[in-house]
Amino acid sequence: GENVEQHPSTLSVQEGDSAVIKCTYSDSASNYFPWYKQELGKRPQLIIDIRSNVGEKKDQRIAVTLNKTAKHFSLHITETQPEDSAVYFCAASTNSGYSTLTFGKGTMLLVSP
Amino acid sequence: KAGVTQTPRYLIKTRGQQVTLSCSPISGHRSVSWYQQTPGQGLQFLFEYFSETQRNKGNFPGRFSGRQFSNSRSEMNVSTLELGDSALYLCASSLGAGTGGTGELFFGEGSRLTVL
């Protein structure tokens, strides 16, 4: 089955810096890669996703890149703000099972003012 | 539009007991999936239901089971509870693959199970 590795497990940055979280996956059939943000005590929420026919996707301060050959994808957050502090999960899925996600173990991002 | 509702939010059980958790998806969503969240293992997929049929199952023992009703509401059951079953159980709903949906999962707030 699919295996998703996520690094780093914790990341501390100063407000205004950029943050990068990296994930690798094992199943070459995976073609849907979402990122979820979970604030302390709250439910995970989708922040951005990318499909395998796209190499990069941006949404304001957030971007995701995908390298299918290397089987890795990354989340980039620019101009970080304290409210970006949360746990971020990457995930992978095949087209036939959007609801069946294999998640990475998460990255706790702490943005200090 | 109401979000995903999970009940109960908190429960305490003892080893050997069984538990049933309930999930009401967003209206119109036909897919319901369940995930177990623990500090050490993160989010792990349990199973997915679509139109009352289990479409996929994760790598969990047979003590974990679920079902979906005709109104898309879902329940999961854990029998013969073990200490290691203590976790936050998250339910997520979506339109379902192949229905034109975006693939986004909408999570409930979870049911926190403590096994003593």
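Position numbers for residues start from 1 in each chain and track the written sequence from start to end. To label them, take the chains in the order written and letter them from A, then take the ligands in the order written and number them from 1. Predicted model: local features are reported for residues with pLDDT of at least 70 only, side-chain atom pairs are reported and counted for 80 or more only, and whole-chain, interface and lining totals are derived from all residues. Excluded from the side-chain calculations are hydrogens and water; all other atoms, namely the structure's heavy atoms, are used.

## Section: the overall build of chain A
Then, in step 1: Broken down by element type, chain A carries zero helices and eleven strands.
Then, in step 2: By the criteria applied, helices consist of DSSP H or I runs no shorter than four residues and strands consist of E runs no shorter than two, each listed in order from the N terminus. Helices (α) and strands (β) of chain A occur, in sequence order from the N terminus, as β-β-β-β-β-β-β-β-β-β-β.
Then, in step 3: Its C-alpha atoms give chain A a radius of gyration of 13 Å, within 12% of the compact-globule value 13 Å for 113 residues.
Then, in step 4: The principal-axis extent of the C-alpha atoms belonging to chain A is close to 40 × 30 × 20 Å.
Then, in step 5: Whether a residue is buried, partly exposed or exposed follows from its accessible area with a 1.4 Å probe, protein chains only, as a fraction of its type maximum: under 20%, in between, or over 50%, in that order. The buried share among the 113 residues of chain A stands at 46%.
Then, in step 6: Across chain A, the fraction of contacts at a sequence separation of at least 24, relative to all contacts at a separation of at least 6, is 54%.
Then, in step 7: The Shrake-Rupley method, run with a 1.4 Å probe sphere, supplies the accessible areas, and residue values consider only the shown protein chains as cover. For chain A, the accessible area works out to roughly 5,600 Å², and carbon and sulfur atoms hold 48% of it.
Then, in step 8: Taken together, the 11 basic and 12 acidic charged side chains of chain A have centroids lying 5 Å from each other. Our radius of gyration is a C-alpha quantity, and the globule rule it is checked against amounts to 2.2 Å times the number of residues to the power 0.38. Contacts were defined at the residue level, with two residues in contact if any of their heavy atoms lie within 4.5 Å. The charge count includes Lys and Arg as positive and Asp and Glu as negative, but it does not include His or the ends of the chains. Charge positions come from single atoms, namely NZ of Lys, CZ of Arg, CG of Asp or CD of Glu.

## Examining the pattern of salt bridges
Residues and elements named next belong to chain A.
Then, in step 1: The term salt bridge refers to a pairing of a side-chain nitrogen on Lys or Arg with a carboxyl oxygen on Asp or Glu at a separation within 4 Å. In total, this model carries eleven salt bridges over all chains according to the counting rule given.
Then, in step 2: Close ionic contact of Arg-61 with Asp-84 constitutes a salt bridge, the shortest N to O distance being 2.9 Å. With a gap of 23 residues between them, Arg-61 in the loop between β6 (56-59) and β7 (62-67) and Asp-84 in the loop between β8 (72-77) and β9 (86-92) connect regions that are remote in the sequence.
Then, in step 3: A residue is classified by how much of its surface remains accessible, and Arg-61, at 22% relative accessible area, is partly exposed.
Then, in step 4: Asp-84 sits in the buried class, given a relative accessible area of 6%.
Then, in step 5: One continuous salt-bridge network, built from bridges that share partners, spans Lys-37, Glu-39 and Lys-42.

## A closer look at the interface of chain B and chain A
Then, in step 1: With 22 residues of chain B in contact, the opposing surface of chain A contributes 17 residues.
Then, in step 2: By buried area we mean the combined loss of accessible area, with a 1.4 Å probe, across both parts when two parts are placed together. Of the roughly 1,700 Å² buried between chain B and chain A on both sides combined, carbon and sulfur atoms contribute 52%.
Then, in step 3: Between the two partners, chain B and chain A, sit one salt bridge.
Then, in step 4: Arg-43 of chain A is the partner of Glu-109 of chain B in a salt bridge, and the nearest nitrogen-oxygen pair spans 3.8 Å.

## Concerning the packing of aromatic side chains
Then, in step 1: Stacked, tilted and edge-to-face pairs are distinguished by plane angle, under 30 degrees for stacked and over 60 for edge-to-face with tilted covering the rest, among Phe, Tyr and Trp rings (Trp via its six-membered ring) whose centres lie within 6.5 Å. For the coordinates displayed, the defined rule picks out twelve aromatic pairs over all chains.
Then, in step 2: Ring centres 5.6 Å apart and planes at 90° place the aromatic pair Tyr-36 of chain A and Phe-107 of chain B in the edge-to-face group. With one member in each of two chains, Tyr-36 of chain A in strand β4 (residues 32-38) and Phe-107 of chain B in strand β10 (residues 106-107) form a pair that bridges those chains. Assigned by exposure class, Tyr-36 of chain A and Phe-107 of chain B land together as buried.
Then, in step 3: Note on Phe-47 of chain B and Tyr-49 of chain B: the rings are 5.8 Å apart at their centroids and 65° apart in plane angle, and the pair reads as edge-to-face. Each member of the pair, Phe-47 of chain B as well as Tyr-49 of chain B, carries the same accessibility label: buried.

## Observations concerning the state of the cysteines
Residues and elements named next belong to chain B.
Then, in step 1: Working definition: a disulfide is two cysteine sulfur atoms within 2.5 Å of each other. In this structure the tally under the stated criterion is two disulfides over all chains.
Then, in step 2: Sulfur-sulfur distance for the disulfide between Cys-23 and Cys-91 comes to 1.7 Å. Between Cys-23 and Cys-91, the S-S torsion sits near -55°, and that sign places the bridge as left-handed. Separated by 68 residues along the polypeptide, Cys-23 in strand β3 (residues 19-24) and Cys-91 in strand β9 (residues 87-94) bring together distant segments of the chain.
Then, in step 3: Using a relative accessible area of 0% as the deciding quantity, one classes Cys-23 as buried.
Then, in step 4: On the basis of relative accessible area, Cys-91 is assigned to the buried category, the value being 0%.

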